[in-house]
Structures are given as structure tokens and as C-alpha cells.
Amino acid sequence: MKKIIILTSALFLGVAFMAYLYFSKLGTDNDAKDLALQSATNNAALVFSFQNDKGFYDIIEGQQLIQQVLGNDKMNLLKQLKTSIIDDNLINSYLKDQQVYISVLPDSNKTLNFLITVQIQRDNDIKKFYEQLKLKKAISKNAKDLYTLKLNDSLSVYLGIHDQVLTASTSLKLINDANVRLTENPFTEFIKENNRQIKNVLANIYINFNQAPPLLKNIIAGNINGEISLFNQQNSFAVLNYNFSKEKILFNGSTEIKDQHNYLKLFENTAAQNTSIQNILPENTANYALYAYDDYGKWLKKLNTWQEQTKILSKATAVIKRVKDDYRTDLNLIFTNYTKNQFILFQLSTSEKLGAISLSNGEKTKQLLLDVSTDYNEDIKLFKSADILYSYFGEPFKKFTRPYYAIIDNNLVVANNASTVQSFLTNYKNNRLLIQTPQYLDAVNEISTTSNVSYYINTKNSADIFRHNIQLNFYRHLRADSGLKSFDTFCYQMSADKNKFITNLLLNKYVQPKIPDSVSNR
């Protein structure tokens, strides 16, 4: 009996010891992986992630569209790194099957740059990795853990080699910044959590909207205001999986809004909707933001809660009360009874901005709003009181303080100038609509027919807007034949799934169908 007890105890202690060794090793490996991820995520708004595997490079080399997005300089850098390191079997053995992170970061002189981060395999010594580079490549030491690697006669990169982690960039600033690793970074934790859930995906892109302002400041010529001002307070993250295609760039995944006061929280836990209000937009629409919910009455209660949290409910209540006192019109009865399930904000190629709200009965709404409106002409009216739409729909209508409006085919269309509304009506009545263009139809056929929030950019119609609002080097890339010029559509579509949004990101290029020779020769 005593022998059995001794043997059992010894077996138990042996198992416990082996488990300790295993989890200690696992903890060490995870710590190293965390260091690589901490370097990649520090200050990054975008992180592209993939496994260092031959199959990935074979597939991605057939995707010419990504090369157009990145541009010649960035693509040349990645190709040279692949030739010098990945294609060298001995050097690549230190990095094989490891996760590679490419971070997009703001650099000096109003530019963006890459930081490439990868962990050396756990069974390899990073010092030996350096020795192999030293034997095979033109590498020189600059300072402790900092080196310069010459890729060819005209291109060099800085290398940081420290704690089993390798960082590479043409920017010394990015290498130095990557050494400041934040042990508590919500973006790092978001990526780690999603890495545990994602399997068998070619590549991922992670978006940290908290770091969007520094990135945008290097792209736009001016301040972050207007439609993009929401990025100043956008505490949210996204993980998107790459879908290979030779015709388009498509990512699918999810977006999580962390800030409870974020306006987009109003669209969580709401069934995705079939939307149609975008079908009224003119053919020269440059961009739009579309919002949809299942029931306006329920959504208004959520809006009122949000207004209370953001301390603007009293202002909205005062607007509604003042209209009732001055014009004996109860706006609550109008909007709660006749507002449908979607509204949209859009901008034309001329930079003019408009909004539209879907109604269940346009004629009835027009009659009920007569007392709170002034006639501009037979079709166009002007609200007598300010902030009516802001009170009932929130942030998107903040800039339409006392707009001109027209109601046509169960849609309330608003703008800050009567001429803008008139231009819209002319296009609409003459059927000059975005929905009639093949480029738009081709793009929307690639994404879901239902959503809660959708952002759309028509790159051709936005050309003049970009020219006046972004830095010259980025504008040149947008309009270059070798760059983004041939892409006509960008979409970011969000559909509520409990406390997150299923997301589609599309960069589309319409290819006109070829006419068969037998037809063209008739």
C-alpha cells in the first residue's frame, strides 16, 4: 500500500513538474509574441497581419490591385525585403511561419510609412540571425540594437533587433517609437482576442480608430472637421479578413464601438435593414453616410438617452417646446408618426451637402409642417426654427441648423441653400441618379443588401473635393494611373450583430464588359 502511495505521489509530482515546464515555456513564447505585437500596435491606426508562409506570397503576387493601392515606392520596399530575407532559405528559417505585422504610421514631412514587425522563432537565437545577415548582406551597426541593412544600391532600411523581435522601416523615427512598448494597450488586447478566434484566414487588417487623427493629419490639408470630425472621438476597433480577388479588394469582419457615448451605439442591437433612400441620390454624388434602424419610435428613445448622456437633451426639448409654443405645432406627433427607418447625409461633386429622411407619408408631413415653415417657392420651404432635425436625428444633422427643404416621393430632402435643393430636384425629376450608373451598381452588388450604417465614396466625383482637402502627394497617388485612379468606389458597410457590427470594406474597380467581336462587327 505504501509503495502505491509513493508511486502515485511521484507520478503526480512528475506530471505537475512537466505541466509547470510546459506552461512556463508557453508563457515565455506568449511574452515574446506580445513584445512583437506591442511594437506593431504602438501608435498604429492600421496593422496588416499575415503568416510568413510561401503560399501567402504566391497568392498575393497575383493580386495586382494591392500594388496599386500601396504605390510604387512602398511596393518596391516590400519586394526588396522579400527578395533579401524571405527568399533566402537560411535567413528565412529564423522567421518561417511566424506572424508578420505591417503597421501604417504617420511619419515626418506629412507622410505615412511602414513598420514591419516579426518575432524570431522561439528555438532560434536572434544573435545568430544577425550573424547570418552579417555574412550574407551589407549590414552595419548604428547603435545598440539598431542596424542599417542595404537592400540594393538605392534602398536601405533600419533594423531593430531586440528581445527576439525584429522591426524594419525606412524611418528611424518609427524604429525608435517601436521600442516604446505599452504593456497596457487596448488595441493590442483587441488583436490578441481576435487572433484566438480567427482561423485559416489569408491575412487580416486591424483598425484602431483612436489613432486615426494623427494619421489623418498627415493626409488632409487642414483640420479634422466636418464629416471626418467623428474620428476625433471614435473609440472603436475593427478586424477585417482579406478575401482574395483579382477584380476587387474586399475585407469582411467586424467593428466594435467601445465608447458608450458614441453616436453609432444607437444602431447596435438593431436588425439590419433593406435600404432604398440611397436610390434618390444624384449621379454626381461624391460620398454619403447612410443610417438605418427597425423602428423610429424605439430608435428615438435610444437617441433621447444618448442626448441625456451627452448633455444635449435639454436643448432638444427646448427646441420642441418653443415650436409648440410659437406655432402650435407638436413636432413629436409629426416625426414619430411619419418617419420611416432610414436617413442619409450626402455630398455632391460640387462640395454641396444635403440630407434626406425617409417618410411613410410625404404629403401628410408636408401639410403638418406648413406652420413651422416659410415658402421659398412652390416646392422648397425653409424651417422657421433652428435645430429641429438635430433634435430628432442627432449628430449628422447638426450642421443643418435652419435648412431649406423639399418633400418629394416620401423623402424629406434638406440643404443649407435653396439652390442646392433645387439642383437636387432637377436631377431627381430628370432621372439623373447614382443608381443608374454601372459603376455604382457593380459595387453594391458586391456587398450585403442590408445594413445599419454605410459609408460610400465615389472617387471620380470626389476628385475636386480631394484636391482641395488632402496633401498633394496623396492626391497625386489618388489620381495616378498606377495608383488609385482606376478604383471608382469605396464602401464601409456595418450591420449590427448584438454589441458589434458585421463589416464589409470594399475598394472596387468597375470593368466594362467586353462586346463580343461577332456583335461589334455587325
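Residues numbered from 1 in each chain as written. Predicted model: local features only at pLDDT ≥ 70, side-chain atom pairs only at ≥ 80, totals over all residues. Heavy atoms only, no water.

Under the annotation held in an unreviewed UniProt entry, the protein carries the name DUF3352 domain-containing protein and is attributed to Pedobacter sp. KACC 23697.

Q: Account for the overall build of the protein, with residues named and values stated.
A: Broken down by element type, the protein carries 19 helices and 22 strands. Once the C-alpha set of the protein is aligned to its principal axes, its extents read approximately 90 × 80 × 50 Å. Looking at the protein as a whole, 49% of its 522 residues are labelled buried. Across the protein, every contact between residues at least 6 apart in sequence was considered, and the portion connecting residues at least 24 apart equals 68%. About 26,400 Å² of surface is accessible on the protein, with carbon and sulfur atoms providing 51% of the total. One finds the centroid of the 59 positive side-chain charges in the protein at a distance of 2 Å from the centroid of its 49 negative side-chain charges. (Helix = DSSP H or I, 4+ residues; strand = E, 2+ residues; numbered from the N terminus. Buried < 20%, exposed > 50% of the residue type's maximum accessible area, 1.4 Å probe, protein only. Contact = heavy atoms within 4.5 Å. Areas by Shrake-Rupley, 256 points an atom, 1.4 Å probe, with all protein chains shown as cover. Lys, Arg positive; Asp, Glu negative; His and termini not counted. Charge placed at Lys NZ, Arg CZ, Asp CG, Glu CD.)

Q: If you had to explain the environment of Val-157 to someone new, which residues and values would you point to?
A: By secondary structure assignment, the location of Val-157 is in strand β6 (residues 156-162). Here the alpha-carbon distance between Val-157 and Thr-188, two residues 31 residues apart in the chain, equals 25 Å. Excluding anything up to four places from it in sequence, Val-157 contacts Leu-77, Leu-81, Tyr-147, Thr-148, Leu-149, Leu-151, Ser-169 and Thr-170.

Q: Which residues make up the pattern of salt bridges, and what values go with them?
A: Inspection of every chain in the model, using the stated rule, returns 16 salt bridges. Residues Asp-330 and Lys-324 are paired through a salt bridge, measuring 3.8 Å at the closest nitrogen-oxygen approach. Residue class for Asp-330 comes out partly exposed when judged on its relative accessible area of 24%. Residue Lys-324 is classed as partly exposed on the basis of its relative accessible area, which comes to 47%. Here the salt bridges do not stand alone but share partners, grouping Glu-61, Lys-82 and Asp-87 into one network. (Salt bridge = Lys/Arg side-chain N within 4 Å of Asp/Glu carboxyl O.)

Q: Give a detailed account of the pairing of strand β14 (residues 353-359), specifying residues and quantitative values.
A: Across the 7 residues of β14, 6 count as buried, placing the element largely inside the fold. Of the strand pairs in this sheet, strand β13 (residues 339-348) and β14 are connected by 6 bridges, and their pairing is antiparallel. Pairing of Gln-347 across the sheet is with Lys-353, part of β14. Following β13, the chain reverses through 4 residues before pairing antiparallel with β14; Ser-351 in that reversal takes a positive phi of roughly 80°. (Pairing = 2+ DSSP bridges.)

Q: How would you summarise the confidence of the model for the protein if you had to cite specific residues and measurements?
A: Taken as a whole, the protein shows an average pLDDT of 88; of its residues, 90% reach a score of 70 or greater. Scored below 50 in pLDDT, residues 1-31 makes 2 contacts in the model with residues more than four places away or belonging to other chains. (pLDDT = per-residue confidence, 0-100.)

Q: A description of the nonpolar core should follow, citing residues and the corresponding values.
A: Ranked by internal contacts, the top residues of the largest apolar core, which has 101 residues, are Leu-159, Phe-267, Trp-299, Phe-343 and Phe-393. Apart from the residues within four sequence positions on either side, Phe-393 is in contact with Tyr-263, Tyr-293, Tyr-296, Trp-299, Leu-303, Phe-335, Thr-339, Phe-343 and Ile-357. Grouped together as the second largest cluster of nonpolar side chains are 29 residues, Leu-290, Leu-348, Ile-408 and Ala-415 included. (Core = buried A, V, L, I, M, F, W, Y, C linked by side-chain atoms within 4.5 Å.)

Q: Describe helix α15 (residues 418-429), with residues and values.
A: The terminal C-alpha atoms of α15, which comprises 12 residues, lie 17 Å apart, in line with the 16 Å expected from a rise of 1.5 Å per residue. Buried within α15 we find Ala-418, Thr-420, Val-421, Phe-424, Leu-425, Asn-427 and Tyr-428. Tucked into the core, α15 has its buried residues touching β13, β14, β17 (404-408) and β18 (411-415). Where α15 ends, the next residue or the one after it, Asn-431, has phi of about 60°, a positive value. (Expected span 1.5 Å × (residues − 1).)

Q: With reference to specific residues and values, describe helix α11 (residues 313-327).
A: Compared with an ideal rise of 1.5 Å per residue, which puts 15 residues at 21 Å, α11 spans 21 Å between its outermost C-alpha atoms and is within 8% of the ideal. Of all the residues in α11, the buried ones are Ala-316, Val-319, Ile-320 and Val-323. Projected down its long axis, α11 shows its buried positions confined to an angular sector of 90°, all on one face. Away from its buried face, by an angle of more than 90 degrees, α11 presents the exposed residues Ser-314, Lys-321 and Asp-325. Summarising the contacts, the buried residues of α11 are in contact with α10 (296-309), α12 (331-338) and α14 (388-393). Looking one or two places after α11, you find Arg-328, whose phi comes out positive at around 50°. (Arc of directions from axis to C-beta.)

Q: So what's going on with the side chain of Ser-103? Residues and values would help.
A: Among the structural elements, Ser-103 can be located in strand β2 (residues 99-107). Taking the relative accessible area as the measure of exposure, Ser-103 reaches 0% and is therefore buried. At a separation of 2.6 Å, a polar atom in the side chain of Ser-103 contacts the main-chain carbonyl oxygen of Ala-40. Apart from residues no more than four positions distant in its own chain, Ser-103 is found in contact with Ala-40, Ala-44, Leu-46, Val-47, Asn-113, Phe-114 and Leu-115. (Polar contact = N/O pair within 3.5 Å; in protein donor to acceptor, adjacent residues only side chain to side chain.)

Q: Describe the environment of Phe-474, with residues and values.
A: Relative to the assigned elements, Phe-474 resides in helix α18 (residues 472-479). The sequence separation of Phe-474 and Tyr-404 amounts to 70 residues, and the corresponding C-alpha distance is 35 Å. Phe-474 has contacts with Lys-110, Thr-111, Leu-112, Asn-218 and Ile-219, leaving out every residue within four places of it along the chain.

Q: Kindly report on the packing of aromatic side chains, identifying the contributing residues and their values.
A: Per the counting criterion, the structure on display carries 34 aromatic pairs. Ring plane angle 25° and centroid distance 5.3 Å describe the contact between Phe-190 and Phe-237, whose orientation is recorded as stacked. Remark: Phe-237 occurs in strand β9 (residues 236-243) and Phe-190 occurs in helix α8 (residues 186-197); sequence separation between them is 47 residues. For Phe-190, a relative accessible area of 6% corresponds to the buried category. Where Tyr-263 meets Trp-306, the ring centres are 5.5 Å apart and the plane angle is 80°; that geometry is what we call edge-to-face. Here Tyr-263, found in the loop between β10 (248-257) and β11 (273-274), pairs with Trp-306, found in helix α10; they are 43 residues apart in sequence, far enough to count as distant. Comparing Tyr-263 with Trp-306 shows no difference in burial state: the two are buried. Just above the ring of Phe-114 sits the side chain of Lys-74; from NZ or CZ to the centre is 6.0 Å. (Phe/Tyr/Trp six-rings, centres within 6.5 Å; stacked < 30°, edge-to-face > 60°. Lys NZ or Arg CZ within 6 Å of the ring centre and 35° of its normal.)

Q: Could you give an account of unusual backbone geometry, with specific residues and numbers?
A: In this structure, Asn-269 takes a positive phi of about 55° despite not being glycine. Along the chain, the position of Asn-269 falls in the loop between β10 and β11. For Asn-269, a relative accessible area of 53% gives the class exposed. Unlike most non-glycine residues, Asp-387 shows phi in positive territory, near 65°. Here Asp-387 is to be found in the loop between β16 (381-383) and α14. Exposure remark for Asp-387: the relative accessible area of 13% places this residue in the buried category.

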